[in-house]
Amino acid sequence: VVTPHTLVGGYGLATFLAPLLLAGARRIICPNPEVTSLITRYLPPLRPRVREIPIGSAVPGPPEGSDRVRQAVREELGAGAGTVLVAHFGFARPGKGIETLLEAARRLHAMGTRYLLLMIGGAWPGAEAQYEDLKARSRALGLTVRVRWLGHADRARVGALLGACDAYVIPYDD
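Residues numbered from 1 in each chain as written. Predicted model: local features only at pLDDT ≥ 70, side-chain atom pairs only at ≥ 80, totals over all residues. Heavy atoms only, no water.

## Quick look at the overall build of the chain
Here comes step 1: The helix and strand tally for the chain stands at six helices and six strands.
Here comes step 2: Start at the N end of the chain and walk to the C end: the helices and strands fall as α-β-α-β-α-β-α-β-α-β-α-β.
Here comes step 3: Across the 174 residues that make up the chain, the buried fraction comes to 38%.
Here comes step 4: Once local pairs closer than 6 in sequence are excluded, the contacts in the chain between residues at least 24 apart make up 75%. (Helix = DSSP H or I, 4+ residues; strand = E, 2+ residues; numbered from the N terminus. Buried < 20%, exposed > 50% of the residue type's maximum accessible area, 1.4 Å probe, protein only. Contact = heavy atoms within 4.5 Å.)

## Brief notes about the pattern of salt bridges
Here comes step 1: A full pass over the atoms with the stated rule returns six salt bridges.
Here comes step 2: Put simply, Arg157 and Glu76 hold a salt bridge, and the shortest N to O gap is 2.5 Å. Of this pair, Arg157 sits in helix 6 (residues 155-164) while Glu76 sits in helix 3 (residues 66-77); the two residues are 81 residues apart in sequence, bridging distant segments of the chain.
Here comes step 3: Owing to a relative accessible area of 28%, Arg157 belongs among the partly exposed residues under this scheme.
Here comes step 4: With a shortest N-O distance of 3.4 Å, Lys135 and Glu132 are connected by a salt bridge. Taken together, the residues span about one helical turn, with Lys135 and Glu132 both in helix 5 (residues 128-140) at a distance of three residues.
Here comes step 5: One connected set of salt bridges, linked through shared partners, spans Arg70, Arg74 and Asp166. (Salt bridge = Lys/Arg side-chain N within 4 Å of Asp/Glu carboxyl O.)

## What to know about the packing of helix 4 (residues 98-110) against helix 5
Here comes step 1: Two elements in contact, helix 4 and helix 5, have axes whose closest approach is 10 Å; the angle formed by their N-to-C orientations is 10 degrees. When the interaxial angle is binned, helix 4 and helix 5 end up roughly parallel. Where helix 4 approaches helix 5, its residues Ile98, Glu99 and Leu102 are matched on the opposing element by Gln130, Leu134, Arg137 and Ser138.
Here comes step 2: Its residues assigned to classes, the contact of helix 4 with helix 5 shows three nonpolar, two polar and two charged. (Axes fitted to C-alpha atoms, helices over the stretch in contact; angles between N-to-C directions. Parallel < 35°, antiparallel > 145°, perpendicular 65-115°, else oblique. Nonpolar A, V, L, I, M, F, W, Y, C, P; charged D, E, K, R; others polar.)

## A look at the packing of helix 3 against helix 6
Here comes step 1: Across the interface, helix 3 lies against helix 6 with an axial gap of 8 Å and an inter-helix angle of 90 degrees. The angle between the axes of helix 3 and helix 6 places the two elements in the roughly perpendicular class. Residues Val69, Arg70, Val73, Arg74, Glu76 and Leu77 of helix 3 touch helix 6, and the partners they reach there are Arg157, Ala160, Leu161, Gly163 and Ala164.
Here comes step 2: The residue inventory of the contact of helix 3 with helix 6, partitioned by class, reads six nonpolar, one polar and four charged.

## A look at helix 3
Side chains of residues three or four places apart in an α-helix project in the same direction, reflecting 3.6 residues per turn.
Here comes step 1: Taking 1.5 Å per residue as the helical rise, helix 3 with its 12 residues ought to reach 16 Å, and the 16 Å between its terminal C-alpha atoms agrees with that figure.
Here comes step 2: Among the structural elements, strand 3 (84-89), strand 4 (115-120), strand 5 (147-151) and helix 6 are those in contact with the buried residues of helix 3.
Here comes step 3: One or two steps after helix 3, the chain reaches Gly78, where phi turns positive at roughly 75 degrees. (Expected span 1.5 Å × (residues − 1).)

Now the structure itself:
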């Protein structure tokens, strides 16, 4: 799996090496539409291997009428005025601290805190079993109602979800 963050600029040798690196990849994860467009336009045979998953900096800011969007998303999720809406965004992989986050969620639940934790993003390639284990762990901790595993979402949806949240957590272990 290759994640090219940029294909323009840099040094001259990179222009030659990038297509070779991409050609040998089974999957190509592009962090934004610009990189996706470059690969699919100049290397069309690689198109079936490409998947676009935005990094945090590529997620759009609040949309026009963001208060209305925020309220609509919270209503869709069942997060009333007294519910703290929390998000974790990114690939689930070892070192991300999701186990720590689930333990914190369990403690908040035990204290009676009204919250909803959104797990936005799927498994890191090769860590699918760990992702399923984390989902099973949240169920075993009795957090089915409090933790929503949303999987991958497009940029606009990620932006709307993050814009509706009260907090964003990054509990890295490493």
